[in-house]
Amino acid sequence: MDIGGTKDFEFNIRDPKFLDEQALWEEAKRVYSKCKDCRMCVTYCPSFPALFDAVDRHDDDVEKLSKEELALPLELCFHCKQCYFKCPYTPPHEWRIDFPHLSLRYKVWKFKNKGAKLTDRLMVNTDLVGKLSVPFAGIVNKLNNTKPVRVILENFMGIDRRAKLPPINSQTLVDWYKENRKPVKGENGKIALFSTCLFNYNYLEKGIALLRVLEKNDLWVEIPKVQCCGIPFFDVGDIDTAIEKAKHNVKVLKSYASAGYDIVVPVPTCALQIKYEYPLLLPDDPDVKLVSEKVFDVHEYLWKLKEKGRLNQDFRVSMGNIAYHIPCHLKSLNVGYKAAALMRLIPNTKVRLIERCSGHDGTFGVKKQTFDMAYKVGSKLFEEIISAKADLVVSDCPLASNQIEMATGIKVLHPIEVLYRAYNF
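Note that this is a predicted model, so its numbers are computed, not measured.

About the thresholds
- Residues numbered from 1 in each chain as written.
- Predicted model: local features only at pLDDT ≥ 70, side-chain atom pairs only at ≥ 80, totals over all residues.
- Heavy atoms only, no water.
- Helix = DSSP H or I, 4+ residues; strand = E, 2+ residues; numbered from the N terminus.
- Contact = heavy atoms within 4.5 Å.
- Salt bridge = Lys/Arg side-chain N within 4 Å of Asp/Glu carboxyl O.
- 1 Å grid on protein atoms, 1.4 Å probe; cavity = no way out; pocket = protein on both sides within 12 Å on 5 of 7 lines; lining within 4 Å.
- Points joined across faces, edges and corners; volume = space filled by probe spheres on them.
- Disulfide = S-S within 2.5 Å.
- Buried < 20%, exposed > 50% of the residue type's maximum accessible area, 1.4 Å probe, protein only.
- Patch = residues over 30% accessible without salt bridge, like charges linked within 9 Å, V, L, I, M, F, W, Y side chains within 5 Å.
- Areas by Shrake-Rupley, 256 points an atom, 1.4 Å probe, with all protein chains shown as cover.

Trainee: Give me the lowdown on the environment of Y375, citing residues and values where you can.
Mentor: For Y375, the position within the fold is in helix α19 (residues 368-388). In this structure, the C-alpha to C-alpha distance between Y375 and A163, residues 212 residues apart in sequence, is 9.7 Å. What Y375 contacts, discounting residues up to four positions off in sequence, is F382, Q403, M406 and A407.

Trainee: So what's going on with the pattern of salt bridges? Residues and values would help.
Mentor: Enumeration over the complete set of coordinates arrives at 30 salt bridges. Among the salt bridges present, the one from K67 reaches E21, with a minimum N-O distance of 3.1 Å. Of this pair, K67 sits in helix α3 (residues 67-76) while E21 sits in helix α1 (residues 21-38), and the two are 46 residues apart along the sequence.

Trainee: Which residues make up empty space enclosed by the protein, and what values go with them?
Mentor: On inspection of all chains with the given rule, the structure shows 3 cavities of 30 Å³ or more. A volume near 130 Å³ is recorded for the largest cavity. Together, 16 residues line the largest cavity, and C35, C41, F48, C87 and I97 are the ones closest to its centre. Looking at the lining of the largest cavity, the elements with two or more residues in it are α1, α2 (47-57), α4 (82-86) and α5 (99-114). Estimates place the volume of the second largest cavity at around 70 Å³.

Trainee: Tell me about the state of the cysteines, and please be specific about residues and values.
Mentor: Per the stated rule, a full pass over the model turns up 0 disulfides. C41 supplies the cysteine sulfur nearest to C38, a cysteine that is in no disulfide, at a spacing of 6.3 Å. Looking at C80, it has no disulfide partner, and the nearest cysteine sulfur is the one in C328, 4.6 Å off. We classify C80 as buried; its relative accessible area is 7%.

Trainee: Account for a nonpolar patch on the surface, with residues named and values stated.
Mentor: On the surface, a cluster of nonpolar side chains totalling about 310 Å² of accessible area is made up of L122, L128, V129 and L132. When residues in the nonpolar patch are grouped by element, the largest group, 3 residues, is from helix α7 (residues 126-133). One can find L132 in helix α7. Owing to a relative accessible area of 54%, L132 belongs among the exposed residues under this scheme.

In structure tokens, the structure reads:
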């Protein structure tokens, strides 16, 4: 099903059997019958060991799997999508295997029928948490690092006390830009910056670096009044809220896209959501195609300037040896590793790619019930980063960066911060 000219995913909310329980289990058994014979994905995440162990217990017969055994692999999926972009049987192959969207369908069904804990629903509401926390950032950041508060968060919110929580900005990126905007001509283009919750509420220094690099390249930037991209709500299967977020953002971004603005996103997960998931969530919205086709990863966009001979390459500071972690969702965007290419333009700078999952992915890496599994997924990444002994460790994903810092004690930069430093601001 090719919706809105994007990718041919197996996720059709208009299908009358989309939320039919029996149809869901039959599709799960169909997919499992192919996966059990391939087993290429066994090391990717907890989902596939759970599936293969269950099948092996029943002598390779998926028809004997209980509902609990059918559900567990889908419950453990945290939508890193590694299996999708490695699988040889994804659409347009006749088998049409799409495990991440099957998991999402299951979680939507579960939410519709069983709901979710209030604490889980609060945890994924990043806009609400961000708006409530920013005015009290100093207090929140201090309390989040004290043992008594972490014990309370673990007992009442299910947030593992060992997890590293993102810091809270003392000021939103949107407000900072209103006060610190620099005049540019905008001859290299007009950008509607999808600021993301993480840059707006949690990582102000990354946002400042982003805006200064865009200004350095004579790009006119506006920050639309968007909401969360909606992907956190996939964690609990709350598709109705994800659709509400998509509707709001498409309506806001359409006016910019129609006015000739490109939509630039600094976090691959959010870019992936807008570009490929919005057409699935809003299959009848005539504006979603216009918006999705104007979405660019920030480094993809800057590399286009390079190809046109318009990228400012006045790099003054070498960055040495960089260990660059490739986030899973950047692979799913299928735009190549443009951040690595940009960093390699910096004089006397070498970039080593590390292609391993961090295991974080939203709430999976912080919930007590999944923390150990997430850490195990990311363990090889952590080992490789430590052994690299690089001058800088870099990742496009702030949450993967958080996970790496938690495990290794090494501060992780966004690629845009590397360019910012190289320009010697």
